[in-house]
Amino acid sequence: MTKVEDAVVAPAPADQRTAPSAGAPASRSGRGRGLIGQLNAGVAAAPVLFTDAAVVGFALWTLLYHLNLGLNLRPSVVFIAWLVLLPVTAYASWKLRRRDVVPRPADDETATTPAELPADRAALLRRYALPVGAAVGAAMFAALGTGTLSWWLAATLGLVSVVSAWLALPRRGAPADAGAAPVTRETTPAQAYVVIAVSLAAAYFGTLIARVSLDDVFYVGKSVWVAERDEIPFRDFLFTEGVLPAGSANPPLPSFEVFIGALARVLHMHAASATWYLLLPVLAVFAIFALWRLVQRWAPRRPLVVFGVAAAYILLVAYYADALNTYHLPRLTQGKSVFVHALVPLAWVYLTDYLERRSRRALVLLALLSVASVGYTTTAVMLLPLLSAAACVVLIATRRLRAAALCFAAASVYPLVSGVLVQVLRGGIEQTVATYAPLLPLRTIYELTLWLGILGVIGGLAVWWSPLLLRRGVPRQLAAGAVLAVTVLMIPGLLKVAGDVSGLRAVLWRVPWILPVPALVGMLAVIRLPGLARVNRVLAFVLPVALVAVFYTQGKPMWTNDLVQSKPTWRIPETRKNVTFWITRQDLPKGLVLAPTSVMRAMPQVTTRVRVVMARDLYLTDYGIDTQFSKDRLLLGRFADGVEPVPVSEVDAALRRVDVSAVCLWRTNKAANDAAPALGLVQVASRKSPGGMICYRTTTSGTSTSGG
């Protein structure tokens, strides 16, 4: 456990224009004279400048995009307007930064008086035994237990841990600790070089991951549509060309996919290439810098060690679908991934800066972050108000009502207003953020964010110990509020009630995303025990090594199952991509193409000019899984895959109802190819292995009666 006496009093953070501590050499602050000093200063400032610029720039784009929902200009026109306004925005940001000279708060909330410090080990034990022990019990029951009783015990002990830790924290209004030596909270050039190296390595490694996400058929497909047609698809674009209303996967709020499509169109490049070769490396650097900034703000000591362990946790515990870290490099081109791994950490950074320094700039950045978050994902409509409410609980408890109101307004007004407008204009917020599954069990929710087994115990300890492990003052208080909110919502039955009231049952499993879990796990590496100097010297080496060893042996890394290629690649298997492009080059009749379901999922990511029968079966839920529209497409998908026998008469009827004009089948699908003459299919093209395929045209085309 972190020793209270060892916690430092943090002055104003360096990225908010603070000077180095007295007596610190100029070289450490990157302000040495000459070219080398200027280079070091620029490198040290890079994480702050890059992340803040990314937040401001994408917030501006999102504002223009939402304004264009009423104007309906072409995305390329909006993109050019965005480029024109960027220099103006940069100048305004620079002016705000220069004027953001904020005095230190009169009541130093980061300090603790000597009288408040426990005098001996017995006093430390009395103060911290309950929160530490209760957290251990909560983590054990949550990660190892089964059944409802274990979750009741986990939630109860978690609440006991958070509340008792909160009572042990110093209260507002305590005078400064004269005995504490101030430490400058700034990124040194040496730290910055390490962080930049890690971010560049992540950027390159991300382009090599060949992991397929089934959601890319929508995300990349929408960008491809924008790039090819220079229009925003407000209605269905996967099954029809705007004939059907938009499904729940296509709300009007996110601007991210439209941004990629407009960028690709302006640069005259394929939208998939813009996504995976251009945007992915930039987003990887953004996410790594955001992680560093939060670690640098919240770590009580040795931030590089915390950062390294957190990065190892992301890399090594990241395989299963929908697990928290799988939303990092493997899925970082999806807006919700950028939100959880970059914007959530930055939200806590801006809250910390504002509450510690009364920084107007931090408050403005928090408001712009809320705009950018809505542009990335509709999940922000739910999670940002929850995150800000968790912070406000702490502020209200310390009687900082004005700060609570400002923080909540900055982080929540735009998401809430956007959600309300969608509810009024588009038929309900539940359709805006819904997915296709009922509320997940608590055990599964815990597993997706914190895992189970020994990894789940480590994650639980990182979360419930965080009010004791972080840097003293605002970081500890914010962590206590966030953990309290998540723990309360994990009480059995509460999420179900919240889902019934809000209609958001299917996405409430993302509630724990407000916790910056990788950073909190990294904090476990710098635990120090009070009064045990020799033991602490051993722990300083053993803890980081032991944690990384557990991640490596118990987790599954991003590269499991040979998912790493030798060169940058699209997130489509090479053979499947080649087959899909081959189909687009054939002289097929206009109309819907039936192909194996894997190929039909790839087609929208290649082009929208060739329309397929069923881009993804999951999205049929929006239009009624028991309707003829859906049944026909599911039956035809089974026929094209050849995984089970399908009556030829039913296939023939479905081909006519859906109005299929061409059929492409694997050569290995003997049953379907043998049925071609009976179905009136005429061969028009063939392809040798790998990816051997035969394409046919239909000799008859019935009237579409199911929306095709």
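Preceding block: the structure.
Residues numbered from 1 in each chain as written. Predicted model: local features only at pLDDT ≥ 70, side-chain atom pairs only at ≥ 80, totals over all residues. Heavy atoms only, no water.

Once that is clear, we can look at the nonpolar core. Nonpolar side chains tend toward joint burial in soluble globular proteins. Counting residues in each nonpolar core, the largest one holds 158 residues, and the members touching the most others are Trp61, Phe259, Trp348, Tyr446, Trp464 and Phe551. Looking at which element gives the most residues to this core, the answer is helix α8 (residues 271-298), with 19 residues. Not counting residues within four places of it along the chain, the set of residues in contact with Phe259 comprises Phe58, Trp61, Phe79, Trp82 and Leu279. Core analysis: the second largest hydrophobic core is formed by 52 residues, Phe629, Val658, Val660 and Ala675 among them. (Core = buried A, V, L, I, M, F, W, Y, C linked by side-chain atoms within 4.5 Å. Buried < 20%, exposed > 50% of the residue type's maximum accessible area, 1.4 Å probe, protein only. Helix = DSSP H or I, 4+ residues; strand = E, 2+ residues; numbered from the N terminus. Contact = heavy atoms within 4.5 Å.)

Another point: the packing of aromatic side chains. Evaluated as defined, the whole model comprises 28 aromatic pairs. When the centroid spacing of 6.2 Å and the interplanar angle of 65° are considered together, the rings of Trp61 and Phe79 count as edge-to-face. Placement of Trp61 in helix α1 (residues 34-71) and of Phe79 in helix α2 (residues 75-99) is noted, with a sequence separation of 18 residues between them. Aromatic pair Phe218 and Phe237: ring centres 5.7 Å apart, planes at 40°, arrangement tilted. With Phe218 in helix α6 (residues 216-229) and Phe237 in the loop between α6 and α7 (256-267), this residue pair connects regions lying 19 residues apart in the sequence. Residue class for Phe237 comes out buried when judged on its relative accessible area of 4%. Directly above the ring of Tyr319 sits Arg211, whose terminal nitrogen or CZ lies 5.0 Å from the centroid. (Phe/Tyr/Trp six-rings, centres within 6.5 Å; stacked < 30°, edge-to-face > 60°. Lys NZ or Arg CZ within 6 Å of the ring centre and 35° of its normal.)

Okay, the state of the cysteines next. What is meant by a disulfide is a covalent connection between two cysteines, made through their sulfur atoms. In this structure the tally under the stated criterion is one disulfide. Distance from the sulfur of Cys392, which forms no disulfide, to the nearest cysteine sulfur (Cys407) is 6.1 Å. You can call Cys392 buried: its relative accessible area is 8%. With a relative accessible area of 1%, Cys407 lands in the buried category. (Disulfide = S-S within 2.5 Å.)

Moving on, we get to the pattern of salt bridges. For the structure shown, the criterion picks out 16 salt bridges. A salt bridge links Asp215 to Lys336, with the shortest nitrogen-to-oxygen separation between them at 3.8 Å. One end of the pair, Asp215, is in the loop between α5 (189-208) and α6; the other, Lys336, is in helix α10 (residues 335-357), with 121 residues separating them in the sequence. Lys336 gets classed as buried once you look at its relative accessible area, which sits at 4%. (Salt bridge = Lys/Arg side-chain N within 4 Å of Asp/Glu carboxyl O.)

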